[in-house]
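The chain contents come next:
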Amino acid sequence: MTALLTPELKACIGRQAPPRTEVVTRRDIRKYAISTGTRIRKHLDGDEAPPLYHVALFWDVVELDQLTPDGVSVDTLLPQLPLERAMAGGLEITYHRPIVPGDVLVARRTLTDLYEKSGRSGPLIFYEITLDVRTEEGTPVLEEVTTRILR
Amino acid sequence: MSTPRLADIEVGSELPDREHCPDNIQLFFYNAALWNAHRIHFDAPYATEVEGYPGLVIAGPLMGDWLSQCVQEWIGDDGHLAKLSYSNRQAAYIGETLRAGGKVTAVDPNSGRVEVALHVHNAEGENITPGTAVVMLEPASTQYSKGH
């Protein structure tokens, strides 16, 4: 099998997006919590963020002209890959401390792995992106590892 | 809501499940909170005619959130979520009725570490969003001294 991932592509492992800093507000926690249909009072009242609140907090705030016609934004952390059809992926989050209003959080996204395997119906490319969220002082808040498969 | 005492939990114990049938107002709010403008979530003609979906697609991470709710409602304030993982295996659409639930797969009475397997079932009973969680509950010794 010829390798799909050239040395140039493999060299992208370790690539980091510029760190992003966001301020957590009660209003934003409440809006997120209500939209998920939760019944948990501390989340609905915005006293503590739900466990997946960081998905909203660190979603790219892109400008209108940066969206494709189908309304998505391109993830600039990933290089152009030779396979493009996304299959099931997953994510795993490790929690260190809850997020509360007033937190100033810094997120760092890193392409932590990129490899290929041969599947039954042809080659597959796997990539892994790690999101590391800490307070401004550097105290770990959570770590999220997302794995995606392309065919 | 009664929260679990570590002593009562065993492998196979079920977490209370919950029905979710989001409408397009909820889906709109969810994607607005994220700043996610993907048309498959709000533009029905686009989702069906251009992308070929049977309807408006429920956002994948919203179903992941239901798994976290299932665990958090179960543990209440007697423990905390240490790890959560999930995978969006199949899509679901506005109008569907889905159920989020789980089952205990491992218990360590000494540390209070409990592992659970999670699911979002569609009407056909397929697990469209399998997941796992690790929660830390108060170890038995602490519960005993507190309660007596």
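As the structure is a computational prediction, the values presented were derived from the model and not from experiment. (Residues numbered from 1 in each chain as written. Chains lettered and ligands numbered in written order. Predicted model: local features only at pLDDT ≥ 70, side-chain atom pairs only at ≥ 80, totals over all residues.)

Here the focus is the overall build of chain A. When helices and strands are counted, chain A shows four helices and five strands. Starting at the N terminus, the α and β elements of chain A follow one another as α-β-α-α-α-β-β-β-β. With the C-alpha coordinates of chain A rotated into their principal frame, the extents come out at 55 × 35 × 35 Å. Scored against the burial criterion, the 151 residues of chain A give a buried share of 21%. Across chain A, every contact between residues at least 6 apart in sequence was considered, and the portion connecting residues at least 24 apart equals 69%. (Helix = DSSP H or I, 4+ residues; strand = E, 2+ residues; numbered from the N terminus. Buried ≥ 20, exposed ≤ 12 C-beta atoms within 10 Å, placed from the backbone. Contact = placed C-beta atoms within 7 Å.)

Residues and elements named next belong to chain B. As assigned here, chain B comprises domain 1 (6–21 + 60–147) and domain 2 (23–57). Summarising the inter-unit geometry, the C-alpha centres of domain 1 and domain 2 are found 27 Å apart. Residues belonging to the side of domain 1 that touches domain 2 are distributed by class as follows: four nonpolar, one polar and no charged. (Domains from an automatic or database assignment. Nonpolar A, V, L, I, M, F, W, Y, C, P; charged D, E, K, R; others polar.)

A:Tyr53, A:Ala56, B:Leu67, B:Cys70, B:Val71 and B:Val120 are the most contacted members of the largest nonpolar core, which totals 49 residues. Residue contributions to this core peak at seven residues, all from helix H3 (residues 60–75) of chain B. Residues lining this core come from more than one domain, with at least three contributed by each of domain 1 (6–21 + 60–147) and domain 2 (23–57) of chain B. Excluding residues that lie within four positions of it along the chain, B:Leu67 makes contacts with B:Leu84, B:Tyr86, B:Ala100, B:Leu118, B:Val120, B:Thr129 and B:Gly131. (Core = buried A, V, L, I, M, F, W, Y, C linked by C-beta atoms within 7 Å.)

The next point concerns the interface of chain B and chain A. Interface extent is often summarised as the accessible area lost during association of the parts. Chain B puts 29 residues into the contact, and the matching count from chain A is 28 residues. Looking at side-chain class alone, the side of chain B that touches chain A contains 13 nonpolar, 11 polar and five charged residues. Bridge count for strand S2 (residues 86–95) of chain A against strand S2 (residues 79–87) of chain B is five bridges, and the pairing is antiparallel. By the bridge assignment, A:Thr94 is partnered in S2(B) with B:Lys83. (Pairing = 2+ DSSP bridges.)

Attention now goes to helix H1 (residues 24–34) of chain B. Within the sequence span of H1(B), burial applies to B:Tyr30, B:Asn31, B:Ala33 and B:Leu34. Viewed end-on, H1(B) has its buried residues packed into an arc of 155°, placing them on one side of the element. In this fold, the buried residues of H1(B) make contact with helix H2 (26–36) and helix H4 (53–57) of chain A together with H3 of chain B. Following H1(B) by one or two positions, B:Trp35 adopts a phi angle in the positive range, close to 75°. (Arc of directions from axis to C-beta.)

Residues and elements named next belong to chain B. Locating tyrosine 53 in the fold gives a position in the loop between helix H2 (44–50) and H3. C-alpha separation for the pair tyrosine 53 and alanine 92, spaced 39 residues apart in sequence, amounts to 9.7 Å. Ignoring anything within four residues of it in the chain, the contact list for tyrosine 53 reads Ile40, Ala47, Thr48, Ala91 and Tyr93.

All names here are of chain B. Burial along strand S5 (residues 131–137) is one-sided: the residues Gly131, Ala133, Val135 and Leu137 are buried and none of Thr132, Val134 and Met136 is. Where S2 meets S5, seven bridges bridge the pair, whose relative direction is antiparallel. Directly across from leucine 84, in S5, lies its bridge partner alanine 133. Of the strand pairs in this sheet, strand S4 (residues 113–121) and S5 are connected by six bridges, and their pairing is antiparallel. If you follow arginine 113 over to S5, its bridge partner there is methionine 136.

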